[in-house]
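Results of the structural survey
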Amino acid sequence: MKVVRLYMNNRLRNFNYIIGCEKTGQAIALDPLDGDAVLAAAEAEGWQIKLIINTHEHHDHIEGNPVVQAVTGAPIWASEYAVGKIPNVAKGLVANEVIELGSMVFKVLPTPGHTPVHVCLLTLSEEIPVLFSGDTLFNACAGNCFNGGNVDEMYETFQQVLAPLPDNAILYPGHDYMKTNLEFSLVCEPGNQDAQLWQGHVKNLSPEDMPFMTLGQERLYNPFLRLESPQLLAKLEASGDMSTSSRAVFKALRLRRDHW
Ligand SMILES: [Zn+2]
């Protein structure tokens, strides 16, 4: 498997991914926004796009579907709950469904929260697992829940689906928000040395050059994965959020991030 990451250079800072099997040249267009750019990238690799997969229904994750489909004829797959919300979905993906293309194998992880229909893809075929997280997990943050989402569902997704994933899994998120999110990490935990380190490392990088982080690294500086951090809890308490449960901490964090 080889992944081409395209930065969209738009206000929302989307990443588009083309995921190719190097043995067969078959590829998946994940969340295409700029269909022409996705097609050009696939052609440059000598790949044929056989599948279009959308993590969720937001326009910036599906807008390139028609262009990619018109040229490649690839069917559109998304969550079973996205049928009717995303035009022309040919197959509704169910929980833990296995997708095979060439030598690549993925598992479908339902991850509601950002929207009710959101899914992530986890590779099963790679020695080091890769998580395509859409707008569920970003570098140093969780996706927002104010555009059709539900923060309680997002909390459950983090606890039930993301928490069991191994430290060595590599994160491929749907947007380039790392620099801004690390600033928020440091508001939550001013003394977090990993957040400081990575902020220093990425501050002068262009979006195209942003590093691919592991879940283990995320667990060192992403406040939404650090609900028991004493400094984070003290910070919340000091500002009036007397949080007694990890759910309450998660929700207080998400609310603060919304208004930050
Ligand atoms: Zn979204």
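Everything numeric in this text was worked out from a predicted model, so none of it was measured.

**Topic: the environment of E218**
Tracing the sequence through the fold places E218 in helix α7 (residues 215-221). Between the C-alpha atoms of E218 and A140, which are 78 residues apart in sequence, the distance is 6.3 Å. When sequence neighbours within four positions are dropped, the list of residues in contact with E218 reads F138, N139, A140, L171, M213 and L225. Within the structure, the side chain of E218 is placed 2.7 Å from the backbone nitrogen of A140, a separation counted as a polar contact.

**Focus: the UniProt feature "domain: Metallo-beta-lactamase" (unreviewed entry) in the protein**
Feature annotation in UniProt assigns "domain: Metallo-beta-lactamase" (unreviewed entry) to the following positions: residues 13-175. Summarising residues 13-175: 21% helix, 34% strand, and an end-to-end C-alpha distance of 5 Å.

**Observations concerning the coordination of the zinc ion**
The protein atoms that coordinate the zinc ion are H56 (NE2), H58 (ND1), H114 (NE2) and D135 (OD), at distances of 2.2 to 2.3 Å. Considering all 4 donor atoms around the zinc ion, angles at the metal cover 87 to 174° and the coordination shape is irregular.

**What about the packing of aromatic side chains?**
Taken as a whole and judged by the stated rule, the model has 12 aromatic pairs. Each ring, one from F106 and one from F132, has its centre 6.4 Å from the other, and the planes form 55°; the classification is tilted. Taken together, the residues span a long stretch of sequence, with F106 in strand β8 (residues 104-110) and F132 in strand β10 (residues 130-134) at a distance of 26 residues. An identical accessibility class is assigned to F106 and F132; each is buried. Chaining the aromatic ring pairs together yields one cluster made of Y7, F15, Y17, F106, F132, Y172 and F212. Lying across the ring of F15, R5 places its NZ or CZ 4.5 Å from the centre. Sitting over the face of the ring of F184, R257 holds its NZ or CZ atom 5.6 Å from the ring centroid.

**What to know about the pattern of salt bridges**
The final tally for this structure, using the stated rule, is 9 salt bridges. Two residues, R247 and D152, come together in a salt bridge whose shortest N-O distance is 2.7 Å. Residue R247 is found in helix α9 (residues 246-258), and its partner D152 is found in helix α4 (residues 151-162); the two are separated by 95 residues along the sequence. Given a relative accessible area of 28%, R247 falls into the partly exposed group. Using a relative accessible area of 27% as the deciding quantity, one classes D152 as partly exposed. Across the salt bridge formed by E189 and R226, the nearest N and O atoms sit 2.7 Å from each other. Highlighted residues: E189 in the loop between α5 (178-188) and α6 (193-202) and R226 in the loop between α7 and α8 (230-238), separated in sequence by 37 residues. The class for E189 is buried, based on a relative accessible area of 3%. Within the structure, one salt-bridge network assembled from shared partners comprises D152, E156, R247 and K251.

Cut-offs and rules
- Residues numbered from 1 in each chain as written.
- Predicted model: local features only at pLDDT ≥ 70, side-chain atom pairs only at ≥ 80, totals over all residues.
- Heavy atoms only, no water.
- Helix = DSSP H or I, 4+ residues; strand = E, 2+ residues; numbered from the N terminus.
- Contact = heavy atoms within 4.5 Å.
- Polar contact = N/O pair within 3.5 Å; in protein donor to acceptor, adjacent residues only side chain to side chain.
- UniProt positions renumbered as here; feature names shortened; annotations may be inferred.
- Donors = N, O, S within 2.8 Å, 3.2 Å for Na, K, Ca; no water.
- Tetrahedral: all angles 85-135°; square planar, octahedral: opposite > 155°, others 65-115°.
- Phe/Tyr/Trp six-rings, centres within 6.5 Å; stacked < 30°, edge-to-face > 60°.
- Buried < 20%, exposed > 50% of the residue type's maximum accessible area, 1.4 Å probe, protein only.
- Lys NZ or Arg CZ within 6 Å of the ring centre and 35° of its normal.
- Salt bridge = Lys/Arg side-chain N within 4 Å of Asp/Glu carboxyl O.

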